[in-house]
Amino acid sequence: MTQHLAAPAAAPTSGTRTDWWRGAVIYQVYPRSFADADGDGMGDLAGVRTRLPYLKDLGVDAVWLSPFYASPQADAGYDVADYRAVDPMFGTLHDADALIRDAHGLGLRVIVDLVPNHSSDRHDWFRRALREGPGSPLRDRYHFRPGKGEHGELPPNDWESIFGGPAWTRVEDGEWYLHLFAPEQPDFNWDHPAVHDEFRSILRFWLDLGVDGFRVDVAHGLVKAPGLPDIGHHDQLKLLGSDTMPFFDQDGVHEVYRSWRQVLAEYAGDRILVAEAWTPTVERTALYVRPDEMHQAFNFQYLGTHWDAAELRKVIDTSLAAMRPVGAPATWVLSNHDVTRHATRFANPAGLGTQLRTPGDRALGLRRARAATLLMLALPGSAYLYQGEELGLPDVTDLPDEVRQDPSFHRAQGQDGFRDGCRVPIPWTKDGSSYGFGAGGSWLPQPEGWGELSVQAQTGDPGSTLELYREALRVRRARPGLGAGSALTWLDAPEGVLAFGREGFVCTANTTADPVRVPAPGTVLLASGPVEVTGPEVELPADTTVWWAV
Ligand code: NOJ
């Protein structure tokens, strides 16, 4: 791609401080579903650009954009055919450049997604590898192997794909290639120096364009155990969260991130790496954010925690304790494009996992979601928001199977895979075509009544979830101590209630289904539901979080 661009967009200057990311609130934009400027039913970069003032006004520090690169979209862009090009469905490189410039002009940072575990099967290297046949040097950049069995008719090992079925596909000449995800996503061979060189070059390409960092997809998967050993049993997905697999969380991955950290160090402006690393424990996650590796890692243990005071306290304590020795901030997240939105998770009985198809009790889910957000935003460290959660959006649980596009749904064979429900384009206006998402339709159907949840409908309504987020982020900005550091002080509280203090501030969260009476620790700054202080005591309503100035 030879588009010529002006000098790179400078990082925000107003309010710039080093280590800006330690307490940052980072908003995930899923470009397909955020805003559609050209009316083709698919969100695009120009659409994101028009909505940057909304994000500024919301009060976030940075925007993370899910992939918008050239891709056949077998996995919604997590199958990249050209890492240096923008897919025409999302716009052009000039749109990306303009978006970064505008964001910086508004004081917002921009983080892009990097997908280094696998490419698309349409990537030039993979196509050449297929064309050139067994023994071609291009095949060494992926994991090609002869099959087992008399005629090589069996896969080289017993690994299963995260999206269901075997992790191997056989090509016409009889060899097999490895894909931990869909067959259209062949895994790179990170033992090959050309793969390292290529990704360092891709990092520089986007850093030159001015991005402030990278969210690294499947950061735990790049390096595979030597010899690609069998696992020895089926249903491997069930072990992913708890056991170390020969394809995940291998110690060799850390060398890659040390080398990337050095690339970032060549650039001015405090750029960051964020690990999407699913590991068995927060202690294993902490290894990705040692001082010479990445800056942050998603806290999926927190995302998977139920709305339960004891469980929450435990995960908060273990997360802070795991990050402290490596000096990285803890991070907190409740929703993203891979899991059922938390307003729907909390609407259902606990223990059903993060892929649900049942709407549950929506009022309960929303009440808990609002309370969970205030709790999260009071914790020390950085917080991630997923587009639409500020509107209290539920998952769309009744999408007909024929409109679903998630490859994990179509290959699931009895596993989960309902990720389309959190990817439905978001509503901006009460009425109108696709509720203001764009002038055309929307690539996934929006449910009836979506407009009542729109930005337009909620703006100015003091009881709305959008105004709660705006106010929470305003208070957080006014008290930078809230996101800073790695310590909090637990205060005495009845069972089912969390109470902790931080510099002139107390947070109380009642996770139970009943009101609880406690001493009022100060004056109310913000509450996720109606709360009345009477004298020295306060009755915390069920599923409600309150912020106090003390
Ligand atoms: C994690 C991404 O978040 C998910 O959407 C994707 O399907 C897999 N990685 C594979 O790239």
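Residues numbered from 1 in each chain as written. Predicted model: local features only at pLDDT ≥ 70, side-chain atom pairs only at ≥ 80, totals over all residues. Heavy atoms only, no water.

Colleague: Explain the overall build of the protein chain here, please?
Modeller: What the protein chain contains, in helices and strands, is 14 helices and 21 strands. Whereas a compact globule of 550 residues would reach a radius of gyration of roughly 24 Å, the protein chain reaches 23 Å, a difference of no more than 12%. Projected onto its principal axes, the C-alpha positions of the protein chain cover 80 × 50 × 50 Å. Residue pairs at least 24 apart in sequence account for 67% of intrachain contacts in the protein chain once pairs closer than 6 positions are excluded. When the accessible surface of the protein chain is split by element, carbon and sulfur atoms take 52% of a total near 20500 Å². Counting 50 positive and 74 negative side-chain charges, the protein chain places the centres of these two groups 4 Å from one another. (Helix = DSSP H or I, 4+ residues; strand = E, 2+ residues; numbered from the N terminus. Rg over C-alpha atoms; globule rule 2.2 N^0.38 Å. Contact = heavy atoms within 4.5 Å. Areas by Shrake-Rupley, 256 points an atom, 1.4 Å probe, with all protein chains shown as cover. Lys, Arg positive; Asp, Glu negative; His and termini not counted. Charge placed at Lys NZ, Arg CZ, Asp CG, Glu CD.)

Colleague: Would you take a moment to explain the sheet that holds strand S20 (residues 537–540) for this structure?
Modeller: Within a sheet, each strand pairs with its neighbour through backbone hydrogen bonds, oriented either parallel or antiparallel. Spatially, 3 strands are ordered S17-S20-S19 in an open sheet, and the strand pairing comes out antiparallel. Strands at the two margins of the open sheet, each flanked by one partner only, are strand S17 (516–519) and strand S19 (533–534). Looking at chain direction, S17 and S20 are connected through 4 bridges and run antiparallel. The residue bridging valine 518 from the neighbouring strand is valine 538, located in S20. (Pairing = 2+ DSSP bridges.)

Colleague: What should I look at first to understand the side chain of threonine 544 in this one?
Modeller: Mapping threonine 544 onto the fold places it in strand S21 (residues 544–549). Here proline 541 takes part through its backbone oxygen, which lies 3.3 Å from a polar atom of the side chain of threonine 544. With sequence-adjacent residues up to four places away left out, threonine 544 is seen in contact with Ala371, Thr508, Ala509, Asn510, Ser528 and Gly529. (Polar contact = N/O pair within 3.5 Å; in protein donor to acceptor, adjacent residues only side chain to side chain.)

Colleague: Any chance you could explain the pairing of S21 here in plain terms?
Modeller: Residues in a regular strand point their side chains to alternate faces of the sheet. Along S21, 6 of the 6 residues are buried, which leaves the element largely enclosed by surrounding structure. Sheet topology places strand S16 (residues 505–510) next to S21; 6 bridges connect them, and they run antiparallel. Residue pairing in the sheet places asparagine 510 in a bridge with threonine 544 of S21. Taken together, the 4 bridges between strand S18 (residues 523–527) and S21 define a ladder with antiparallel strand orientation. In the sheet register, leucine 526 faces S21, and the bridge partner there is tryptophan 547. (Buried < 20%, exposed > 50% of the residue type's maximum accessible area, 1.4 Å probe, protein only.)

Colleague: Looking at this structure, I do not really get the site of the ligand. What am I missing?
Modeller: Neighbouring the ligand are 13 residues; Asp75, Asp217, His337, Asp338 and Arg419 lie closest to it. Between an oxygen atom of the ligand and a side-chain N or O atom of aspartate 75, the distance comes to 2.6 Å. In the model, an oxygen atom of the ligand is placed 2.8 Å from a nitrogen or oxygen of the histidine 337 side chain. Protein contact buries 97% of the 290 Å² of open area that the ligand shows by itself. Broken down by class, the residue content of the shell around the ligand amounts to 4 nonpolar, 2 polar and 7 charged. (Near = heavy atom within 4 Å. Nonpolar A, V, L, I, M, F, W, Y, C, P; charged D, E, K, R; others polar.)

Colleague: Please explain the pattern of salt bridges as it appears in this structure.
Modeller: Counted under the stated rule, the structure contains 36 salt bridges. Residues aspartate 212 and arginine 109 are paired through a salt bridge, measuring 3.7 Å at the closest nitrogen-oxygen approach. On the criterion of sequence distance, the pair formed by aspartate 212 in the loop between helix H5 (193–209) and strand S9 (213–216) and arginine 109 in strand S5 (residues 109–114) is long-range, its members being 103 residues apart. We note that aspartate 212, like arginine 109, is buried. Among the salt bridges present, the one from arginine 419 reaches aspartate 406, with a minimum N-O distance of 2.8 Å. (Salt bridge = Lys/Arg side-chain N within 4 Å of Asp/Glu carboxyl O.)

Colleague: Honestly, the packing of H5 against helix H6 (residues 253–265) in this entry has me stumped. Any pointers?
Modeller: If you want to describe how two helices pack, look at the angle between their axes and the distance between the axes. Where H5 meets H6, the axes come as close as 10 Å, and the angle between the chain directions of the two elements is 35 degrees. As H5 runs across H6, the sense of the crossing is right-handed. Contacts from His196, Phe199, Arg200, Leu203, Arg204 and Leu207 in H5 reach Val256, Ser259, Trp260, Val263 and Leu264 in H6. Considered class by class, the residues forming the contact of H5 with H6 number 7 nonpolar, 2 polar and 2 charged. (Axes fitted to C-alpha atoms, helices over the stretch in contact; angles between N-to-C directions. Left-handed = near helix turned anticlockwise from the far one by under 90°.)

Colleague: Help me out: how do you make sense of the packing of aromatic side chains in this one?
Modeller: The geometry of two aromatic rings is summed up by the distance between their centres and the angle between their planes. Across all of its chains, the model carries 33 aromatic pairs by this definition. Centre to centre, the rings of tyrosine 27 and phenylalanine 34 are 6.1 Å apart; their planes meet at 70 degrees, and the pair counts as edge-to-face. Each member of the pair, tyrosine 27 together with phenylalanine 34, is buried. Ring pairs connect the aromatic residues Tyr83, Trp125, Phe126, Tyr142, Phe144, Tyr177, Phe188, Trp190, Phe199, Tyr257, Trp260 and Tyr288, which therefore count as one cluster. Over the aromatic face of tryptophan 443 sits the side chain of arginine 32, whose NZ or CZ is 4.5 Å from the ring centroid. Above the face of the tryptophan 428 ring, arginine 51 is positioned so that its terminal group lies 3.9 Å from the ring centre. (Phe/Tyr/Trp six-rings, centres within 6.5 Å; stacked < 30°, edge-to-face > 60°. Lys NZ or Arg CZ within 6 Å of the ring centre and 35° of its normal.)

Colleague: Looking at this model, I keep getting lost on the pairing of strand S15 (residues 497–502). Mind explaining?
Modeller: Burial of S15 is extensive: 6 of the 6 residues sit out of reach of the surface. Burial along S15 is two-sided: the residues Val497, Ala499 and Gly501 and Leu498, Phe500 and Arg502 are all buried. The pairing of strand S14 (residues 489–490) with S15 spans 2 bridges and is antiparallel. Opposite tryptophan 490, over in S15, you have phenylalanine 500 as the bridge partner. What sits between S14 and S15 in their antiparallel hairpin is a turn of 6 residues, with glycine 496 showing a positive phi close to 90 degrees. With 6 bridges connecting them, S15 and S16 associate as antiparallel partners. Directly across from glycine 501, in S16, lies its bridge partner valine 506.

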